[in-house]
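Architecture and fold: a report
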Amino acid sequence: MSTLRLGDVAPNFTAQTTEGEINFHEWLGDGWGVLFSHPSDYTPVCTTELGTVAKYKAEFDKRNTKVVALSVDGVASHNGWIKDINETQNTTVNFPIIADEDKKVSDLYDMIHPNADNTLTVRSVFIIDPDKKVKLIIVYPASTGRNFDELLRVIDSLQLTAYHKVATPANWNNGDDVVITPAVKNEDIPTLFPKGHKEVKPYLRMTPQPNL
Ligand code: BEZ
């Protein structure tokens, strides 16, 4: 078991999935990634989550982000369950599900929390950047289905920071004004942010979202 922290390199692994064996880092390539675990196949909340991710695939693609799910069930179980997901959620599962039967990946990413459940993974989410660095970790309880709009929102925010030197304020949504990161010097603002900016305080400088 290891405790992963933001900024750590996401541990690499080889695993069986519903789309064949993957080497995680090679599979990620030079894009962004989301690795998320769920407790078990053939359970109700998980069924809705994986159906939702399948429907959001185009949104992840737009953000150059690959998604991969994981539980400790085997490939045969995943494949049987995918038929149910497709049928009940009116979609087609279009991303791999890792079969972590030996709990190798679950241990690497600390996805089993024994005081919640001794054997099953909780709902962990990791967002990984193109340098393979962990940029976000969230852990939800088994009983709470995740908000995948929130994950897209965080990816948008992380990509704005990575590519445009801005951060996003509380409750930010795509299209809202953003915060110029403290590392940007005042004299560089006109060149970097030609849409203009407002200095609310010397440490709080707002600008229209640069990539729109
Ligand atoms: C579910 O996916 O519905 C679920 C899984 C484990 C515990 C509780 C709910």
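Residues numbered from 1 in each chain as written. Predicted model: local features only at pLDDT ≥ 70, side-chain atom pairs only at ≥ 80, totals over all residues. Heavy atoms only, no water.

1. Section: the pairing of strand E3 (residues 32-37)
Note the threshold: Exposed residues in this analysis have more than 50% of their type's maximum accessible area, buried residues have under 20%, and partly exposed residues fall in between, with area computed by a 1.4 Å probe over protein chains only. Helix and strand assignments come from DSSP, with helices taken as H or I runs of at least 4 residues and strands as E runs of at least 2, each series counted from the N terminus. In short, DSSP must find at least two bridges between two strands for them to pair.
Here E3 lies mainly inside the structure; six of its six residues are buried. The sheet contact formed by E3 and strand E4 (residues 65-71) spans six bridges and is parallel. In the strand pairing of E4, Leu 35 is matched with Val 68. Pairing of E3 with strand E6 (residues 123-128), which is carried by four bridges, proceeds in the antiparallel orientation. Looking at the pairing, Leu 35 lines up with Phe 126 of E6.

2. Quick look at the site of the ligand
Defined as follows: Nearness is defined per residue: one heavy atom within 4 Å of the molecule or strand is enough. Whenever a nitrogen or oxygen atom comes within 3.5 Å of another N or O atom, the pair is scored as a polar contact, on the condition that within protein one atom can donate a hydrogen and the other can accept it, and that pairs from neighbouring residues in sequence are kept only if both atoms are in side chains. Residue polarity is assigned by list, with Asp, Glu, Lys and Arg as charged and Ala, Val, Leu, Ile, Met, Phe, Trp, Tyr, Cys and Pro as nonpolar; anything else, Gly included, falls into the polar class.
In the region of the ligand, the neighbouring residues are Pro 39, Thr 43, Pro 44, Val 45, Cys 46, Arg 123 and Ala 142. The backbone of Pro 44 places a nitrogen or oxygen atom 3.2 Å from an oxygen atom of the ligand. Between an oxygen atom of the ligand and a main-chain N or O atom of Val 45, the distance comes to 2.6 Å. Ranked by the residues each element gives to the shell around the ligand, the list is headed by helix H2 (residues 44-55), at three residues. A class-by-class count of the residues in the shell around the ligand yields five nonpolar, one polar and one charged.

3. Concerning the nonpolar core
Applicable threshold: Side-chain atoms within 4.5 Å are what join buried Ala, Val, Leu, Ile, Met, Phe, Trp, Tyr and Cys residues into a set we call a nonpolar core. Only heavy atoms matter for contacts: two residues are in contact if any of them lie within 4.5 Å across the pair.
Counting residues in hydrophobic clusters, the biggest one holds 26 residues, and the most contacted among them are Val 34, Phe 36, Leu 50, Phe 95 and Ile 127. Only E3, H2, E4, helix H4 (75-89), E6, strand E7 (134-140) and helix H6 (148-164) provide two or more residues apiece to this core. Broken down by element, the residue count for this core peaks at six residues, all from H6. Contacts of Phe 95, omitting those with residues within four sequence positions, involve Thr 18, Glu 19, Phe 36, Leu 50, Val 53, Ala 54, Val 67 and Ala 69. Counting 18 residues, the second-largest nonpolar core is a separate cluster that includes Phe 13, Val 68, Ile 98 and Val 105.

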